[in-house]
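# Chain and residue survey
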Amino acid sequence: MGNVVAGIVAGLGWCFCTAAASLCSSCCGNDKASSVPPSATSGRRRSVFLLVISIALALAFQYGVAPALQPDGKASEVPRVGGYLIEVWSSGCQYETSELRERCSGNTGVYRVASATVLFFLLAAIAAACKPTANREAWPAKYVLFIFLVAGTVFISNDPLFFPVYMNIGRIGAVMFIFFQQIILIDLAFNLNESWVEKADRVETDEGGGAGRRWFGAILATCGLLYAISFTVIVLMFLFFSGCRSNVAFISVTLAMGIIVTVVQLSGEEASLLTSAVIVTYATYLCLTAVSKNPNGACNPKLGDEDILGIILGIGFTLLSLAWTGWSFTAESKINGGSSDSTEDSSVGNEHLSDGPNDQGVKGVVANQNYGTNTDEETGGRGDAQNGSSKPPRTSWRLNVVLALVACWFSMALTGWGAIETGGNAANPDVSNVSMW
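Quick caveat: nothing in here was measured; it's all calculated off a predicted structure. (Residues numbered from 1 in each chain as written. Predicted model: local features only at pLDDT ≥ 70, side-chain atom pairs only at ≥ 80, totals over all residues. Heavy atoms only, no water.)

It is worth spelling out helix 6 (residues 161–207) at this point. Each turn of an α-helix holds 3.6 residues, which means side chains three or four residues apart point in the same direction. The terminal C-alpha atoms of helix 6 lie 64 Å apart, and with 47 residues this matches the ideal 69 Å at 1.5 Å per residue to within 8%. A maximum bend of about 25° is found in helix 6 at Phe-179. Looking at the residues trailing helix 6, positive phi occurs at Gly-208, about 70°. (Helix = DSSP H or I, 4+ residues; strand = E, 2+ residues; numbered from the N terminus. Expected span 1.5 Å × (residues − 1). Bend = angle between axes of the 7 residues up to and from the residue.)

Any two side chains of opposite charge can pair, given that their charged atoms come close. Applying the stated criterion across every chain, the model contains 2 salt bridges. Measuring nitrogen to oxygen at the nearest pair gives 2.4 Å for the salt bridge that ties Glu-198 to Arg-202. A residue pair is termed a helical-turn pair when its members lie 3 or 4 positions apart in one helix, as Glu-198 and Arg-202 do in helix 6 at 4 residues. Looking at Glu-198, the relative accessible area reads 23%, which means it is partly exposed. With relative accessibility at 42%, the residue Arg-202 sits in the partly exposed group. (Salt bridge = Lys/Arg side-chain N within 4 Å of Asp/Glu carboxyl O. Buried < 20%, exposed > 50% of the residue type's maximum accessible area, 1.4 Å probe, protein only.)

Let us now look at the side chain of Asn-193. Position of Asn-193 among the secondary structure elements: in helix 6. Accessibility expressed as a relative area gives 7% for Asn-193, which makes it buried.

Next up on the list: the packing of aromatic side chains. Considering all chains together, one arrives at 13 aromatic pairs under this definition. Look at Phe-49 and Tyr-143: their rings are 6.0 Å apart centre to centre, the planes differ by 75°, and that puts the pair in the edge-to-face class. Here Tyr-143 lies in helix 5 (residues 139–153) and Phe-49 lies in helix 2 (residues 44–68), a separation of 94 residues in the sequence. With centroids separated by 5.9 Å and ring planes inclined at 50°, the aromatic side chains of Phe-61 and Trp-89 adopt a geometry described as tilted. Taken together, the residues span a long stretch of sequence, with Phe-61 in helix 2 and Trp-89 in helix 3 (residues 81–90) at a distance of 28 residues. (Phe/Tyr/Trp six-rings, centres within 6.5 Å; stacked < 30°, edge-to-face > 60°.)

What follows deals with unusual backbone geometry. For the bond running from Asp-159 to Pro-160, omega is 10°, close enough to zero to count as cis. For Pro-160, the position within the fold is in the loop between helix 5 and helix 6. Omega for the bond connecting Phe-163 with Pro-164 falls within 30 degrees of zero, at 25°, which places this linkage in the cis form. Along the polypeptide, Pro-164 turns up in helix 6.

A contiguous nonpolar patch, built from Val-78, Val-81, Tyr-84 and Phe-155 and spanning about 370 Å² of accessible area, is present on the exposed surface. Here Val-78 shows up in the loop between helix 2 and helix 3. (Patch = residues over 30% accessible without salt bridge, like charges linked within 9 Å, V, L, I, M, F, W, Y side chains within 5 Å. Areas by Shrake-Rupley, 256 points an atom, 1.4 Å probe, with all protein chains shown as cover.)

Following both chains from N to C, one finds helix 4 (residues 98–130) and helix 15 (residues 397–415) inclined at 175°, their axes separated by 7 Å at the closest point. With respect to helix 15, the axis of helix 4 lies roughly antiparallel. Packed against helix 4, whose contacting residues are Asn-107, Val-110, Tyr-111, Ala-114, Thr-117, Val-118, Phe-121, Leu-122, Ala-124, Ala-125, Ala-128 and Ala-129, the element helix 15 presents Trp-397, Asn-400, Val-401, Leu-403, Ala-404, Ala-407, Cys-408, Phe-410, Ser-411, Met-412, Leu-414 and Thr-415 at the interface. Classifying every residue of the contact of helix 4 with helix 15 gives 19 nonpolar, 5 polar and no charged. (Axes fitted to C-alpha atoms, helices over the stretch in contact; angles between N-to-C directions. Parallel < 35°, antiparallel > 145°, perpendicular 65-115°, else oblique. Contact = heavy atoms within 4.5 Å. Nonpolar A, V, L, I, M, F, W, Y, C, P; charged D, E, K, R; others polar.)

Quick look at the state of the cysteines now. All chains considered together, the criterion is met by 1 disulfide. Each disulfide pairs two cysteine sulfurs, and for Cys-93 the partner residue is Cys-104, the sulfurs being separated by 2.0 Å. With the S-S dihedral at roughly -65°, the linkage between Cys-93 and Cys-104 falls on the left-handed side. A residue pair is termed long-range when its members are at least 10 positions apart, and Cys-93 in the loop between helix 3 and helix 4 and Cys-104 in helix 4 qualify at 11 residues. Like Cys-93, the residue Cys-104 is buried in the burial classification. (Disulfide = S-S within 2.5 Å.)

In structure tokens form, the structure reads like this:
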């Protein structure tokens, strides 16, 4: 009887494991044949989901695990292992107060997750460069590998791997991502502007009587709001952060460049006021981040205070970038340096969308004639395979490099670019000075 029960339990367990594996494979596994050519963004949504997981883990390490691994934390009650973890998480964090030590450990908790994420995506980039279909294969195993990488960092000492080695690597990667993030924001703003203009023209044609004005009103209202926020913040920075020359220079250059960018943009043939407004707002955010990191207390009233607003805005820009990377129809051409096959598809699509010789079609919104149907993420370019196309594999490894830079960015956004501050006290003003510049 016992053997019968054991056999039934084993059979049910096998069925359960098989079903779970099948479900996992269908959700995050490879759903395309290896003969189907990959795009530059193959597997991008699964990659974006992994990066979202890493942000959640970084926040958990910073505000949950790090406080528990202090000398007076809960980990001190665990024999041997608890003492070891407290030691490795406290190395390099020998500051005067317990608050500063906890903040330092929290920052290194973020560095642990971020460094594992960067390593994962760099390995994925190498794999995609060697085998272009690697980006969309073996995702269950990839998630497991990522979890093991993060778990392994828990047992590694802060000094020197995470603080200061990864901190400086993260800064470099974050600065590189700032330039790429401007491309993302320009692309988003331009596409949104073109979409609203197209809708205004369509409504005006269908209904007449100035019905399309509400879409133009929406564009102007959005631009007005963004410019109002930007100039209000600039005025506040002049009032509260202008006690030294460096801050005044940063704020003045931001204001001057914002005006110049707007004038130059509006003087072009394809003027887009919304694009200028978005870039001016982003530049204002970067300026505020810089002046709030000035280690001179005479011109920085926020010195030593936790930058909650900066963290929220940093996470917001990170999520916006991830949304663009995972779901934008124009992400592939931007990641691929504007040289992907989507440019050719776009021109073909515009021909199909044209109803007459004078119809200009849709610009800046539709990537190809399959807009609204299955994208390459779902179809994997089966049309090319069926048509016998022998196009060379695209550079899908670039997606992983971009996501590695995103990991560097969010680690700096969560830690204030490595600054250790609390209660009006800055433990490492030299780091703040570097972060400001």
